[in-house]
Amino acid sequence: MNLYTSKHFFWRTFLFIFLFTISPFAKAQEKLIYHTIRTDNSGNIIPWFNENTGTSFDRVVNLVWNFWDTMRRDYNGLPYYMNHQVWNKYYDDPRGIGGDQFAMALSSWGLYYAYSGNENVKEDMKFIAEYYLTHGVSAANAAWPDIPYPYNTYVYSGIYDGDMILGRNFTQPDKAGSFGIELLRLYKLNSNERYPNVTDNLYMDAAIKIANTLATKVKDGDENTSPLPFKVNAITGETGVLKSYGKNGKVEGLSSYTTNWSGTLELFIELQKLKKGNVELYKSAFDKILKWMKKYPLQTNKWGPFFEDISGWSDTQINAVTFAQFMMNHPEYFPDWKIRVKKIFDWVYEKLGNKSWEKYGVVVINEQTAYQTPGNSHSSRQASAQLQYTRLTGDTSYYTNAVRQLIWATYMVNDDGRNQYPQDENWLTDGYGDYVRHYLRSMADAPELAPYENHLLSSTSVVQQAMYRGEFYKYHFLPLKDTANVLLSYRVYDSQGEEAIRLRQKPSMILFDDNIKENSGNSFEWKPLAIGGILKVKRLQAHSITVLE
């Protein structure tokens, strides 16, 4: 190599190293769990899979579902997620299920079914509910009868019989309420007058029994005691103790306080609407809990415990933000809901905001005060609630960070669908049931975040059947003889309601119960986006909708 060539080689090498060093993509060498962080030209985080958020969000929710759906069978023949709360590739984790594991799964899979039309999702939901109801409910003659236990103290027993910390016979009433409302939704999902099934009524019956037990036990509560306890012995009625950390931790008091009552409140509301069970009892219990929530946690921000594996006191983001979502879903009970919701957001960022990735333009959320670690589920929940607030109020101050929180949380998902905490494990609660729903709700509140595909994003009812193009040949009961020009056909439980649907193209016609809209009194509205748009359907009296290209 002559002198001229060697000099040019030196300067070319120096220039390459210099440009790479100052390039915004040079920052993208830090790895976040499974993927190297990618950034835009301003150094802000972008998705690892594809720069388009919708494509990436769709990718991760599909990966997560597929991992759950194909998870290995355990020694007792059940799917791994029916026995354990933590996934391990090489051996079975010794811990049993998470306290809200099954309710969370039903919550996410109900939304994912409408989004995907995958019939396996519905079958998995029915399996989870039916197995849990037949292997994990307190006896009818117990002090707290007919409510589910949140833990399998003998992991391979296939029986759920207690609490992770306090042991056999102890249960968590708030988790019973969350499961109860999911049973009602499952009842609506499967209810079909043409093809009645006795199982559908069993879902309703089980939900009513849970509601009866909870409503009967509701008390007024005070600053240290919630209307229902956090943990209670279902057999004796004894309130559980609250222990400090450590194997031989001392007793700090009673497990008499939590604020995770959004699911229970929803259960009481729905049963009153359906006029099922003891509606007067449910109304009285609802009023007591709501009054207590307004008087205490909304004033003090004392949100209290949620998780089954924390033995001491902790204030949790899930309790706070889930109630913020409840307020947004039911503003009729909260005249000042905009102020209240914003105060909850402020509290979360003050106590649980995590700035470890602020250099990438995002502040994420820690799980709880007793365990200050950032969570995929908690950050995506925060994002979802903030996007709902943006839609309802027009206040865009949370929007950018919310989108980046969702992007950040995609990095927890590996190419095979494993979903891991940044500084922890592959939780089958946080990574699955308490993850997918936040992305689907975010797409519903901000449709520009959805992929450029045909997807039913939201419904005010429960979607019983969703069939996308390419799937119609599987079903013999479609109203149309020729399905070649059908983009989507779906059926819902309630005859009145609204849906938001992401479509790649403007439809030519919408049929309501096989009728053209002009003859049915129903309506729809098309909002174009850069690619395709959003179809808003309003039903006055229709259960089935067919969208034609």
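Here goes a summary of the coordinates provided.

1. With respect to the overall build of the protein
- Across its full length, the protein carries 14 helices and 24 strands.
- For the protein, the share of sequence-separated contacts (at least 6 apart) that also reach a separation of at least 24 residues comes to 66%.
- Split by element, the accessible area of the protein, about 23400 Å² in all, is 51% carbon and sulfur.

2. Description of the pattern of salt bridges
- Following the criterion strictly, the structure yields 21 salt bridges and no others.
- A salt bridge links Asp 174 to Lys 175; its shortest N-O distance comes to 2.8 Å. In terms of burial, Asp 174 and Lys 175 fall into one category: buried.
- The partner of Asp 434 in a salt bridge is Arg 381, with the nearest N and O atoms 2.3 Å apart. One end of the pair, Asp 434, is in helix 14 (residues 429-445); the other, Arg 381, is in helix 12 (residues 376-393), and 53 residues separate them in sequence.
- Here Asp 434 falls in the buried class, since its relative accessible area comes to 0%.
- By relative accessible area, Arg 381 is classed as buried at 1%.

3. Examining the sheet that holds strand 12 (residues 353-354)
- Across the sheet, three strands lie side by side as 12-13-14; this open sheet has antiparallel pairing. At either end of the open sheet lies a strand with only one pairing partner, and these are strand 12 and strand 14 (371-374).
- Contacts from helix 11 (residues 337-352) reach strand 12, strand 13 (364-368) and strand 14 within the one sheet, and its direction differs from that of strand 13 by about 80°.

4. Let's talk about helix 10 (residues 317-329)
- With 13 residues, helix 10 extends 18 Å from end C-alpha to end C-alpha; this agrees with the ideal 18 Å at 1.5 Å per step.
- The buried fraction of helix 10 amounts to 11 of the 13 residues, a majority that puts the element mostly inside the structure.

5. Details of the sheet that holds strand 19 (residues 497-503)
- Judged by pairing direction, the sheet is antiparallel, and its four strands sit side by side in the order 16-19-23-22 without closing on themselves. Edge positions in the open sheet fall to strand 16 (455-459) and strand 22 (523-528), since each of these has one partner strand only. Within the sheet, the average angular offset between the axes of one strand and its neighbour, ignoring direction, is 20°.
- Pairing between strand 19 and strand 23 (residues 533-539): seven bridges, direction antiparallel. Its bridge partner being in strand 23, Ala 500 is matched across the sheet by Lys 536.

6. Focus: unusual backbone geometry
- You will see that Ile 33, though not glycine, has its phi angle at about 60°, which is positive.
- Inspection of the secondary structure assignment puts Ile 33 in the loop between strand 1 (31-32) and strand 2 (35-36).

7. Concerning the packing of helix 3 (residues 101-116) against helix 5 (residues 173-190)
- Interhelical geometry of helix 3 versus helix 5 gives an angle of 30° and a closest axis separation of 9 Å. On the basis of their axis angle, the class for helix 3 and helix 5 is roughly parallel. For helix 3 against helix 5, the interelement crossing comes out left-handed. Between helix 3, through Ala 103, Leu 106, Ser 107 and Tyr 113, and helix 5, the contact on the second element is made entirely by Ser 178, Phe 179, Glu 182 and Leu 189.
- Taken together, the residues of the contact of helix 3 with helix 5 sort by class into five nonpolar, two polar and one charged.

8. A few points about the environment of Met 293
- Mapped onto the elements, Met 293 comes out in helix 8 (residues 279-295).
- Of the residues examined, Met 293 reaches a relative accessible area of 0% and is grouped as buried.
- For Met 293 and Ser 226, which are 67 residues apart along the polypeptide, the C-alpha to C-alpha distance reads 8.7 Å.
- Beyond its immediate chain neighbours, meaning those up to four positions away, Met 293 contacts Thr 259, Trp 261, Leu 298, Trp 303 and Phe 323.

9. Digging into the pairing of strand 19
- In terms of residue burial, strand 19 counts as a mostly covered element, since six of its seven residues are buried.
- As judged from the four bridges shared by strand 16 and strand 19, these two strands associate in the antiparallel manner. Looking at the pairing, His 455 lines up with Arg 502 of strand 19.

10. So, empty space enclosed by the protein
- According to the stated counting rule, one finds two cavities of 30 Å³ or more in the structure shown.
- Mapped onto the lining of the largest cavity, the elements with two or more residues apiece are helix 3 and helix 5.
- Quantified by volume, the second largest cavity comes out at close to 40 Å³.
- Lining the second largest cavity we find Ile 165, Leu 166, Phe 230, Lys 231, Val 241, Leu 242, Lys 243, Ser 255, Ile 310 and Ser 311.
- Tallied by class, the residues present in the lining of the second largest cavity amount to six nonpolar, two polar and two charged.

11. Here we look at helix 11
- Its 16 residues give helix 11 an end-to-end C-alpha distance of 22 Å, which sits within 8% of 22 Å, the value for a rise of 1.5 Å per residue.
- Looking only at helix 11, the buried set comprises Trp 337, Arg 340, Val 341, Ile 344, Phe 345, Trp 347, Val 348 and Leu 352. Around the axis of helix 11, the buried residues are gathered within 160° of arc, so they sit on the same side. Residues Ile 339 and Glu 350 are exposed on helix 11 and point more than 90 degrees away from its buried face.
- Next to the buried residues of helix 11 lie helix 9 (297-300), helix 10, strand 12, strand 13, strand 14 and helix 12.

12. Overview of the packing of aromatic side chains
- Within this structure, the stated rule accounts for 36 aromatic pairs.
- Relative to Phe 179, the ring of Tyr 132 has its centre 4.9 Å away and its plane inclined at 75°; by these criteria the two rings are edge-to-face. Of this pair, Tyr 132 sits in helix 4 (residues 119-135) while Phe 179 is found in helix 5, placing the two residues 47 residues apart along the sequence. Considered together, Tyr 132 and Phe 179 belong to a single accessibility category, that of buried residues.
- Look at Phe 268 and Tyr 282: their rings are 5.8 Å apart centre to centre, the planes differ by 10°, and that puts the pair in the stacked class. With Phe 268 in helix 7 (residues 262-274) and Tyr 282 in helix 8, this pair connects stretches of sequence that are 14 residues apart. For the pair Phe 268 and Tyr 282, a shared accessibility class is recorded, and that class is buried.

Basis of the calculations
- Residues numbered from 1 in each chain as written.
- Predicted model: local features only at pLDDT ≥ 70, side-chain atom pairs only at ≥ 80, totals over all residues.
- Heavy atoms only, no water.
- Helix = DSSP H or I, 4+ residues; strand = E, 2+ residues; numbered from the N terminus.
- Contact = heavy atoms within 4.5 Å.
- Areas by Shrake-Rupley, 256 points an atom, 1.4 Å probe, with all protein chains shown as cover.
- Salt bridge = Lys/Arg side-chain N within 4 Å of Asp/Glu carboxyl O.
- Buried < 20%, exposed > 50% of the residue type's maximum accessible area, 1.4 Å probe, protein only.
- Pairing = 2+ DSSP bridges.
- Axes fitted to C-alpha atoms, helices over the stretch in contact; angles between N-to-C directions.
- Expected span 1.5 Å × (residues − 1).
- Parallel < 35°, antiparallel > 145°, perpendicular 65-115°, else oblique.
- Left-handed = near helix turned anticlockwise from the far one by under 90°.
- Nonpolar A, V, L, I, M, F, W, Y, C, P; charged D, E, K, R; others polar.
- 1 Å grid on protein atoms, 1.4 Å probe; cavity = no way out; pocket = protein on both sides within 12 Å on 5 of 7 lines; lining within 4 Å.
- Points joined across faces, edges and corners; volume = space filled by probe spheres on them.
- Arc of directions from axis to C-beta.
- Phe/Tyr/Trp six-rings, centres within 6.5 Å; stacked < 30°, edge-to-face > 60°.

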